[in-house]
Amino acid sequence: MKEINIYTDGACSGNPGKGGWGAVLVYKGTEKEISGGSADTTNNRMELTAVIEALKQLKEVCNVTLTTDSKYVCDAVTKGWVYSWKKNGWKKADKKPALNVDLWEELLPLLEKHNVTFNWVKGHNGHPYNERCDRLAVSFYQNM
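If you're wondering where the values come from, they're calculated on a predicted model, not measured in any experiment.

## Focus on helix H2 (residues 71–78)
In step 1: Within H2, burial applies to Val73, Cys74, Asp75, Ala76 and Val77.
In step 2: Buried positions along H2 lie against helix H1 (43–56), strand E4 (62–68), helix H3 (81–87), helix H4 (101–113) and strand E5 (115–120).
In step 3: Note on H2: the residue one or two positions beyond its end, Gly80, has a positive phi of about 80 degrees.

What follows is the structure, given as C-alpha cells:
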C-alpha cells in the first residue's frame, strides 16, 4: 500500500463564524495542497472537514499518517469516543448529543477504508506543515 502523510488544520473567525480548512498531502516528496471553508461554521467542523476532504483525495486504499493539531478529532478517534457515540445513538457519555454527527458519519467510512494513524501536534508551535495548513485555512476564509 502507498504510504501517505497528511497534515490538516481548521480555523474559524468567531466560533461560530467564517471558517476555513487546509490540508497538505505528501507522497514520495510530492505535495498537494487543498483548502475550503464555510461562511457560518465552527472550528471543530473545519478541523473535521480538513481530515475528510484530505482522505477523499486518495484514489486507492493507503497507509496514512495524519497529523493534526485538533485534540477533538484526534482524541475522538484514537480514544474510541466516536465509536461509542455512534453505538449509543450519537449520545456522549454524559448523555448529551454528540456534535457534528453529519461529519463523523462521513469520516468513519473513510477511516474504515484506509489504515489511518493519527498524530497530534501542538498548534501554532512552529510545526512547518501545521503552520502551512493554518495559513491555507485562514487565507480561505479571509478571501470569502
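Okay, back to it.
## A few points about unusual backbone geometry
In step 1: Going from Asn15 to Pro16, the amide bond is cis rather than trans, its omega being 20 degrees.
In step 2: Assignment of secondary structure puts Pro16 in the loop between strand E1 (2–14) and strand E2 (17–27).
In step 3: At Lys95, a position not held by glycine, the phi torsion is positive, near 75 degrees.
In step 4: For Lys95, the position within the fold is in the loop between H3 and H4.
In step 5: Of note, His124 is a non-glycine position whose phi angle comes to about 55 degrees, a positive value.
In step 6: Relative to the assigned elements, His124 resides in the loop between E5 and helix H5 (128–142).
In step 7: Look at His124 and you get exposed, because its relative accessible area is 58%.

## Some details on the pairing of E1
In step 1: With seven bridges connecting them, E1 and E4 associate as parallel partners. Within E4, the position partnered with Tyr7 by the bridge is Thr67.
In step 2: Here ten bridges tie E1 to E2, and the two strands are oriented antiparallel to one another. Pairing of Ile6 across the sheet is with Leu25, part of E2.

## Overview of the packing of aromatic side chains
In step 1: Counting across every chain of the model gives three aromatic pairs.
In step 2: Centre to centre, the rings of Trp85 and Trp104 are 5.8 Å apart; their planes meet at 75 degrees, and the pair counts as edge-to-face. Here Trp104 lies in helix H4 and Trp85 lies in helix H3, a separation of 19 residues in the sequence. Neither residue differs from the other here; Trp85 and Trp104 are each classed as buried.
In step 3: For Lys71, the ring lying beneath its charged end belongs to Trp120, and the centroid distance is 4.6 Å.

Here is what the cut-offs are and how they apply
Residues numbered from 1 in each chain as written. Predicted model: local features only at pLDDT ≥ 70, side-chain atom pairs only at ≥ 80, totals over all residues. Heavy atoms only, no water. Buried < 20%, exposed > 50% of the residue type's maximum accessible area, 1.4 Å probe, protein only. Helix = DSSP H or I, 4+ residues; strand = E, 2+ residues; numbered from the N terminus. Contact = heavy atoms within 4.5 Å. Pairing = 2+ DSSP bridges. Phe/Tyr/Trp six-rings, centres within 6.5 Å; stacked < 30°, edge-to-face > 60°. Lys NZ or Arg CZ within 6 Å of the ring centre and 35° of its normal.

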